[in-house]
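If you want the building blocks of each chain, they are given just below.
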Amino acid sequence: MTLVAGIDSSTQSCKVVVRDADTGALVRSGTAAHPDGTEVDPERWWSALQIALAGAGGVDDVAAIAVGAQQHGLVGLDEQGSVVRDALLWNDTRSAGAADDLVAELPDSAAGWARQTGSVPLANFTVTKLRWLATHEPENAARTAAVCLPHDWLTWRLRGSTDITALTTDRGDASGTGYWSPAEERYVPELLRLAMGQEPLVPTVLGPSASPGHTTGGARLAAGTGDNAAAALGVGATSGDVIVSIGTSGVVSAVSDTPTADPTAIISGFADATGRYLPLVCTLNAARVLSATATILGVTLDELSRLALAARPGSDGLVLVPYLEGERTPNKPDATGALHGLQLRNSTPAHVARATVEGLLCGLADGLDALRDKGIAVNRVLLVGGGARSEAVRRIAPTVLGVPVAVPPPAEYVADGAARQAAWMLSGEPEPPSWTTGSAERFEAPAQPAIRARYAEVQNLTANRL
């Protein structure tokens, strides 16, 4: 049996899966926590990876490894390959002003950015963090000889390299930087210079099934990719599939055969990990909204789910706008959450629980509508992520999204996608191996458009006040 390993270095943790390269069968796994916060020393990722690898029984018998990791983060390296400062993560919104400035400074503003990179930069994009660094920490910016992403850095460390010219990435992760064009398959160096006032070294972009070399232990490395592209690969998504992922962030993404450019900044026109494209809408607030409400109510997540299903659709007019950490879609990095329509009749834990689930899903439904409005095919909706383990989320999703949803068996789909990429690299075939993810459970329920309408009304009130 040939074994491959997939790594998911996410915001909250590091997970490792070891799978059979031919069938995809899970052999073993390991996990380790990451520190909280919106900036972190990358060495903490490396330490967590060692713990997760050990928990997975090590990788001495593994033929190939790939890394999937959180997108967008800024890892700056000096000429010797040392980290210049703690990495700024995707959910660090201090670069919101830098994003506004960069959009305004480019000819044709948002349309110009969308045309060149497929996306309009928001606070989470690497390019905006480069501008923030240049403005607020010019000494660190001057020391930054190379810029890479979390998955790039971890792949480079697995090779044991200290040479910054050996940094590599893939098109899926590069497409989230704000200075790489998915349509033209190239970096846009003038955007790097616009952001930083200089042009640091950036990683070489590898093809989907290419290899940057070997680990220090002798296993072959695959290119790796960003977490959303890895999840799409792990769940086996194909053209026409839409993945709704409820994790630390909420993501609505679609596998497409053509690139997307959206000047409204709602859709990010990313590439995927197979040579196709991954138009994507992201919200900052997803599964942790459920956790926050469970904490407020003093219940477990399972109890929160039970409470939500005990209330009527629409929560008798109670609406939660779940902007607990600002928001990316809509672009309101300084927004806060709000509970609207509180009355005696809906002042119960069940109503609050139901409003939480519906508010979370309404933000994702807006993303699904945005993809449709761009003419992107929606043939099947797959619901994944930690939040999808909630029975309330699964049962309420069709009423809010307006379509049936398929829920694949719980799995670590980012790590699985990375493992599948590693197997693909080993095979040398033109397409990834056909691994089965098991039978998806289908959930259907009548659409409740009144829920979306009430949410939109309250969302606009909140937006006008901010």
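This text gives an overview of the structure that appears in the document. Bear in mind that the values here come from a model prediction, so they are computed numbers and not experimental data.

## Quick look at the packing of helix α2 (residues 96-105) against helix α4 (residues 126-136)
Move 1: Contact pair α2 / α4: the axes reach a minimum separation of 8 Å and the direction vectors enclose 105°. For the element pair α2 / α4, the angle class is roughly perpendicular. From α2, Ala98, Ala99, Asp101, Leu102 and Glu105 reach across to α4, where they touch Val127, Thr128, Arg131 and Trp132.
Move 2: Residue composition of the contact of α2 with α4, grouped by class: five nonpolar, one polar and three charged.

## Observations concerning the pairing of strand β3 (residues 26-33)
On a regular strand, one side chain projects to one face of the sheet and the next to the other, so that they alternate.
Move 1: Bridging between strand β2 (residues 13-20) and β3 involves seven bridges; their strand directions are antiparallel. In the strand pairing of β3, Val17 is matched with Ser29.
Move 2: Hairpin connection between β2 and β3: a loop of five residues separates the two successive antiparallel strands, and Gly24 in this loop has a positive phi of roughly 85°.

## Concerning the environment of Thr135
Move 1: For Thr135, the location among the structural elements is in helix α4.
Move 2: Accessibility expressed as a relative area gives 52% for Thr135, which makes it exposed.
Move 3: Residues Thr135 and Gly197, 62 residues apart in the sequence, show an inter-C-alpha distance of 9.9 Å.

## Regarding the environment of Pro189
Move 1: Relative to the elements of secondary structure, Pro189 occurs in helix α8 (residues 189-196).
Move 2: Residue Pro189 is classed as partly exposed on the basis of its relative accessible area of 25%.

## Quick look at α2
In an α-helix, one turn spans 3.6 residues; hence positions three or four apart end up facing the same way.
Move 1: Along α2, the positions that sit buried rather than exposed are Ala96, Ala98, Ala99, Leu102 and Val103. One face of α2 carries all of its buried residues, which in axial projection span an arc of 155°.
Move 2: Where α2 is buried, its residues contact α3 (109-117), α4 and α8.

## Let's talk about unusual backbone geometry
Move 1: Geometrically, the link from Thr329 to Pro330 is a cis peptide bond, its omega value of 5° lying close to zero.
Move 2: Structurally, Pro330 is set in the loop between β20 (319-321) and β21 (338-340).
Move 3: Unusually for a residue other than glycine, His72 sits at a positive phi of about 75°.
Move 4: Along the polypeptide, His72 turns up in the loop between β5 (62-69) and β6 (75-77).
Move 5: Looking at His72, the relative accessible area reads 4%, which means it is buried.
Move 6: At Asp108, a position not held by glycine, the phi torsion is positive, near 70°.
Move 7: The residue Asp108 is located in the loop between α2 and α3 in this model.

## Notes on the environment of Gly298
Move 1: Within the secondary structure, Gly298 is located in the loop between α10 (287-297) and α11 (301-310).
Move 2: Look at Gly298 and you get exposed, because its relative accessible area is 63%.
Move 3: Between the C-alpha atom of Gly298 and that of Pro138, which follows or precedes it by 160 residues, the distance is 46 Å.

## Side note on the pattern of salt bridges
Move 1: Inspection of every chain in the model, using the stated rule, returns 25 salt bridges.
Move 2: Asp369 is the partner of Arg452 in a salt bridge, and the nearest nitrogen-oxygen pair spans 2.6 Å. Of this pair, Arg452 sits in helix α15 (residues 449-465) while Asp369 sits in helix α12 (residues 349-373), and the two are 83 residues apart along the sequence.
Move 3: Taking the relative accessible area as the measure of exposure, Asp369 reaches 26% and is therefore partly exposed.
Move 4: Between Glu444 and Arg442 there is a salt bridge; the shortest N-O distance is 2.9 Å.
Move 5: Given a relative accessible area of 54%, Arg442 falls into the exposed group.
Move 6: The network of salt bridges with common partners includes Glu39, Arg85, Asp92, Arg94 and Glu137.

Cut-offs used in this document
- Residues numbered from 1 in each chain as written.
- Predicted model: local features only at pLDDT ≥ 70, side-chain atom pairs only at ≥ 80, totals over all residues.
- Heavy atoms only, no water.
- Axes fitted to C-alpha atoms, helices over the stretch in contact; angles between N-to-C directions.
- Helix = DSSP H or I, 4+ residues; strand = E, 2+ residues; numbered from the N terminus.
- Parallel < 35°, antiparallel > 145°, perpendicular 65-115°, else oblique.
- Contact = heavy atoms within 4.5 Å.
- Nonpolar A, V, L, I, M, F, W, Y, C, P; charged D, E, K, R; others polar.
- Pairing = 2+ DSSP bridges.
- Buried < 20%, exposed > 50% of the residue type's maximum accessible area, 1.4 Å probe, protein only.
- Arc of directions from axis to C-beta.
- Salt bridge = Lys/Arg side-chain N within 4 Å of Asp/Glu carboxyl O.

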